[in-house]
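One-letter residues, chain by chain:
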Amino acid sequence: MSTVALITGAASGIGAAVARRLSAGGVKCVLVDLDGEGVERLAKEVDGAWLAADVGTEEASLEAVALAERRYGRLDLVHLNAGIPGRVDLADFDLARYRQVVGVNVDGVVFGVRASVPLLVRSGGGAIVVTSSLAGLVGFAGDPIYTMTKHAVVGLVRALAEPLAEQKIRIGAVCPGFTDTPLVAEARQMFLNAGFPLLTVEDVAAAVESAFYAETPGTLLIVQPGRQPVPYRYAGVPGPAGGQRPPG
């Protein structure tokens, strides 16, 4: 029985690299992207199923999971990868753009988890990996709204790790540095001129595959050029000072 994966933001960049990597290993892929032509082209390349949809809508995730069940009868791996840069100026605020960014980067992950969990459970368990960013772990002043959204999905992953593990579902995230994708196309030459190394999409795809099988629920993998992916460790939060000891 083949393993089945659902990948959002799959027409290009990291999502496309993950689709190619998994399909090369025999995984059947269901691909979702707003770019209908691009996602159809890649689906034909990897012999998978495809859906042209906006992950910022709840219907997109529900339709994608229904497609996986209809076409392959199960779901094992979910890569919630779709994302867009913020580029929202707080001084000259564009509400429509803000809603779009939050819709894709945050709602798309929430909707994707909600839609996929029932089929993952019926399939005997599985794994969900979210594409976050180093901006999900540190304050990136260059794009505050993007940074907010990536922190949000890291928080969701951490909070869901234990309850999903009880349902035999692993959830984690990859947090790559700057990666050579369409998201950084405008700044690519600047990085190269400054001698700043960029990750390749293949680097990140390899980390995503590792994250699917991470033993610790809620693992956040940092991916940086020239280094092996490493789990991020948060410092503990201090407890209250003084007071009475709890009973028991």
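A brief structural summary. (Residues numbered from 1 in each chain as written. Predicted model: local features only at pLDDT ≥ 70, side-chain atom pairs only at ≥ 80, totals over all residues. Heavy atoms only, no water.)

## Considering the nonpolar core
Counting residues in each nonpolar core, the largest one holds 45 residues, and the members touching the most others are Leu 6, Leu 75, Ile 128 and Val 130. Considering every element that reaches this core, the biggest residue donor is helix 4 (residues 95-122), with eleven residues. Leaving out residues up to four positions away in the same chain, Ile 128 has contacts with Val 78, Leu 80, Val 113, Ser 116, Val 117, Leu 120, Leu 164, Ile 169, Arg 170, Ile 171 and Gly 172. One finds Val 39, Val 204, Ala 207 and Val 208 within the second-largest nonpolar core, a separate group that totals 31 residues. (Core = buried A, V, L, I, M, F, W, Y, C linked by side-chain atoms within 4.5 Å. Buried < 20%, exposed > 50% of the residue type's maximum accessible area, 1.4 Å probe, protein only. Helix = DSSP H or I, 4+ residues; strand = E, 2+ residues; numbered from the N terminus. Contact = heavy atoms within 4.5 Å.)

## With respect to helix 1 (residues 13-24)
Residues spaced three or four apart along an α-helix point in a common direction, a consequence of the helix completing one turn every 3.6 residues. In a regular helix each residue adds 1.5 Å, so twelve residues correspond to 16 Å; helix 1 covers 17 Å between its end C-alpha atoms and thus fits that length. When helix 1 is considered as a whole, its buried residues turn out to be Gly 13, Ile 14, Gly 15, Ala 16, Ala 17, Val 18, Ala 19 and Leu 22. In this structure, the buried side of helix 1 is in contact with strand 1 (4-8), strand 2 (28-33), helix 2 (36-46), strand 4 (77-80), strand 5 (126-131) and helix 7 (201-212). (Expected span 1.5 Å × (residues − 1).)

## Section: the packing of helix 4 against helix 5 (residues 144-165)
One can describe the packing of helix 4 onto helix 5 by two numbers: an axis separation of 9 Å at closest approach and a directional angle of 15°. With respect to each other, helix 4 and helix 5 are oriented roughly parallel. Handedness of the helix 4/helix 5 crossing: right-handed. Residues Tyr 98, Val 101, Val 102, Asn 105, Val 106, Val 109, Val 110, Val 113 and Val 117 of helix 4 pack against Ile 145, Tyr 146, Met 148, Thr 149, Lys 150, Ala 152, Val 153, Leu 156, Leu 160 and Leu 164 of helix 5. (Axes fitted to C-alpha atoms, helices over the stretch in contact; angles between N-to-C directions. Parallel < 35°, antiparallel > 145°, perpendicular 65-115°, else oblique. Left-handed = near helix turned anticlockwise from the far one by under 90°.)

## Description of the packing of aromatic side chains
Throughout the structure, instances matching the rule amount to two aromatic pairs. Each ring, one from Phe 93 and one from Tyr 98, has its centre 5.4 Å from the other, and the planes form 50°; the classification is tilted. Sitting over the face of the ring of Tyr 234, Arg 158 holds its NZ or CZ atom 3.7 Å from the ring centroid. (Phe/Tyr/Trp six-rings, centres within 6.5 Å; stacked < 30°, edge-to-face > 60°. Lys NZ or Arg CZ within 6 Å of the ring centre and 35° of its normal.)

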